[in-house]
Amino acid sequence: MKHYDYLVVGAGLFGATFAYEAKKRGKEVLVIDKRDHIAGNIYTKEVDGINVHVYGAHIFHTSDKAIWEYINQFAEFNNYINSPIAVYKDELYNLPFNMNTFSKMWGIRTPQEAKDIIEKQKAEYDIDEPKNLEEQALSLAGKDVYDKLVKGYTEKQWGRDCTELPAFIIKRLPMRFTYDNNYFNDRFQGIPMGGYTQIVEKMLDGIDVVTGEDFFDLKKSGKLSDGTEVSYDRILFTGQIDEYFDSKFGPLEYRSVRFETEKLDMENYQGNAVVNYTEREVPYTRIIEHKHFEFGKQPTTIISREYSSEWKPGVEPYYPVNNEKNNALYEKYAELAAKEGNVIFGGRLGQYKYYDMDKVLMAALECVKEEF
């Protein structure tokens, strides 16, 4: 039998960061993952010299210098700036909403002209207390921006009409009255040259890692699937918190994403890494052209169409549905989690919280601080 100080369930960014820091402190760590690869949803796979973001686009961005320096230990980052394009019918718009967007939409030039149009459209609705997402968006951005760039995309993302979605989902819509297509306001931004998987490989170097391993089978039998008996003092669990407790209070809800990825025999398909399709009638939410994340010049290209879908057991959960009902249900599971003496719950699924990558690192390092 092999004994470990920590069993880390999930080889994504949270689990890998914790395992790396635990090993630095002299701890024996075993990392398992039910997928057949490490790196969780930031997994990138090289195909024809192109690093494909297998589980959707991941752009690292942060305003925290310490976090930026931390991640740069494991990879060199390029200077990629996320500047998505939105397609509505036969019209193209820049995102986020900025003067390039407004100039194209209304044929205007100055920030004041844009503000005047938005204020006029908002006044037509005179919504004091938005009852749903549609009213919230109209009260923030007016009809044109809502109809062309918010409505269809949001309805595809959530699988229901904007009138059926709660207002709090979009507490604000960033309106930028400068000609600036940089999607993020963060000081540091980029893509690791050579993809994300290398980061997790370096974090897990020298640590026992077993992929294709189900935690619940291990918990039941005390053995890995190859028959090796293992024991451990503590668990870091980064899977679904409701699944850990056998969905005792009922399942938490998630949104999932399905990808259609294809290789095209052309150098450049869409001229941008991220193109959103904002009409509801177009079934996918966006198309990613992976080579543009690293300014690739390969003779072929690889694109992925993303389809948002309802989650059901057996499907990969991506986004927690953090509405009032699910948050209340999560609190019940969190109370159970607090009583599990030797288990730490972390990450997007373990804490039922949407995290950007920099926030995953912050949370994992905070967890390390509390643990050691």
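A quick note: this is a predicted structure, and the numbers were derived from the prediction, not measured.

Colleague: Explain the packing of aromatic side chains here, please?
Modeller: When we look at a pair of aromatic rings, we describe it by the centre distance and by the angle of the planes. Within this structure, the stated rule accounts for 33 aromatic pairs. Considering the side-chain rings of Tyr6 and Phe18, the 5.3 Å spacing of their centres and the 70° angle between planes classify their relative orientation as edge-to-face. Here the residue Tyr6 occupies a position in strand β1 (residues 2-9), and Phe18 occupies one in helix α1 (residues 13-24), the gap between them amounting to twelve residues. Taking the relative accessible area as the measure of exposure, Tyr6 reaches 6% and is therefore buried. Taken together, a centroid distance of 6.1 Å and an interplanar angle of 20° make the contact between Tyr330 and Tyr352 stacked. Pair noted here: Tyr330 is in helix α10 (residues 324-339) and Tyr352 is in the loop between α11 (347-350) and α12 (357-371), with a separation of 22 residues, a long-range link. By way of ring pairs, the aromatic residues Phe215, Phe216, Phe237, Tyr244, Phe245, Phe249, Tyr333 and Phe345 are connected into one cluster. Here the basic side chain of Arg258 rests over the ring of Tyr307, its NZ or CZ set 4.2 Å away from the ring centre.

Colleague: Which parts of the structure should I look at to understand the nonpolar core?
Modeller: Within soluble globular proteins, side chains that are nonpolar tend to cluster in buried spots. By size, the foremost hydrophobic cluster in this structure holds 53 residues, and its most contacted members are Phe18, Phe60, Met203, Leu204 and Phe293. Of all elements in the fold, only β1, α1, β2 (29-33), α2 (65-71), α7 (197-203) and α12 reach the threshold of two or more residues within this core. Among residues more than four places away in sequence, those in contact with Met203 are Leu13, Ala16, Thr17, Tyr20, Tyr70, Phe74 and Leu361. Core analysis: the second largest hydrophobic core is formed by 52 residues, Tyr4, Ile170, Phe245 and Val343 among them.

Colleague: What am I meant to see in the packing of helix α3 (residues 99-106) against helix α4 (residues 111-125) here?
Modeller: Angle between the axes and distance between the axes: these two values describe a pair of packed helices. Packing of α3 against α4 leaves a shortest axis separation of 10 Å and a crossing angle of 70°. Compared by their axis directions, α3 and α4 come out roughly perpendicular. Classified by chirality, the crossing of α4 by α3 is left-handed. Here Met99, Phe102 and Trp106 of α3 lie close against α4, whose contacting residues are Pro111, Ala114, Ile117, Ile118 and Gln121.

Colleague: What should I look at first to understand the packing of α3 against helix α6 (residues 143-158) in this one?
Modeller: It is the contact of α3 with α6, at a shortest axis distance of 12 Å, that shows an interaxial angle of 100°. Taken together, the axis directions place α3 and α6 in an arrangement best described as roughly perpendicular. Judged by residue contacts, Thr101, Phe102, Met105 and Trp106 of α3 engage Asp144, Val145, Lys148 and Leu149 from α6. Across the contact of α3 with α6, the residue classes break down as five nonpolar, one polar and two charged.

Colleague: Mind showing me how you'd approach α3 here?
Modeller: For an α-helix, 3.6 residues make a turn, and residues three or four places apart therefore share a direction. Regarding α3, the residues found buried are Met99, Thr101, Phe102, Met105 and Trp106. Relative to the axis of α3, the buried residues are bounded by an arc of 155° and lie together on one face. Where α3 is buried, its residues touch β7 (91-94), α4 and α6. At the N-terminal end of α3, a side-chain oxygen is found 2.7 Å from the backbone nitrogen of Asn100, two or three residues along, and the residue is Asn98. One or two positions beyond α3, positive phi appears at Gly107, with a value near 65°.

Colleague: Help me understand the sheet that holds strand β10 (residues 230-237), please; the structure alone is not making it clear to me.
Modeller: The strands making up a sheet associate through hydrogen bonds between their backbones, and the pairing can be parallel or antiparallel. Taken together, five strands build an open sheet; the order of strands is β9-β2-β1-β10-β16 and the sheet is parallel. In this open sheet, the two edge strands, each paired with only one partner strand, are β9 (208-211) and β16 (343-345). With strand direction ignored, the average angle separating the axes of adjacent strands in the sheet is 25°. Relative to β16, β10 runs parallel, the two being bridged by three bridges. Its bridge partner lying in β16, Phe237 is registered against Phe345.

Colleague: Would you explain the side chain of Asp33 in this entry?
Modeller: Mapped onto the elements of the fold, Asp33 is located in strand β2. It is Arg35 that comes nearest to the buried, bridge-free Asp33 among opposite-charge side chains, at 5.2 Å.

Colleague: Help me understand the environment of Asn181, please; the structure alone is not making it clear to me.
Modeller: Topologically, Asn181 is positioned in the loop between α6 and β8 (188-190). Accessibility expressed as a relative area gives 21% for Asn181, which makes it partly exposed. Considering only alpha carbons, one finds Asn181 and Ile303, 122 residues apart in sequence, at a separation of 22 Å. Excluding its chain neighbours within four sequence positions, the residues that come into contact with Asn181 are Asn82, Ser83, Asn94, Leu95, Pro96, Asn98, Asn100 and Arg176.

Colleague: Please explain the environment of Leu336 as it appears in this structure.
Modeller: Examined against the element boundaries, Leu336 turns out to sit in helix α10. Taking the C-alpha atoms as reference points, Leu336 and Phe245, separated by 91 residues in sequence, lie 8.2 Å from one another.

What counts, and at which threshold
Residues numbered from 1 in each chain as written. Predicted model: local features only at pLDDT ≥ 70, side-chain atom pairs only at ≥ 80, totals over all residues. Heavy atoms only, no water. Phe/Tyr/Trp six-rings, centres within 6.5 Å; stacked < 30°, edge-to-face > 60°. Helix = DSSP H or I, 4+ residues; strand = E, 2+ residues; numbered from the N terminus. Buried < 20%, exposed > 50% of the residue type's maximum accessible area, 1.4 Å probe, protein only. Lys NZ or Arg CZ within 6 Å of the ring centre and 35° of its normal. Core = buried A, V, L, I, M, F, W, Y, C linked by side-chain atoms within 4.5 Å. Contact = heavy atoms within 4.5 Å. Axes fitted to C-alpha atoms, helices over the stretch in contact; angles between N-to-C directions. Parallel < 35°, antiparallel > 145°, perpendicular 65-115°, else oblique. Left-handed = near helix turned anticlockwise from the far one by under 90°. Nonpolar A, V, L, I, M, F, W, Y, C, P; charged D, E, K, R; others polar. Arc of directions from axis to C-beta. Polar contact = N/O pair within 3.5 Å; in protein donor to acceptor, adjacent residues only side chain to side chain. Pairing = 2+ DSSP bridges. Lys, Arg positive; Asp, Glu negative; His and termini not counted. Salt bridge = Lys/Arg side-chain N within 4 Å of Asp/Glu carboxyl O.

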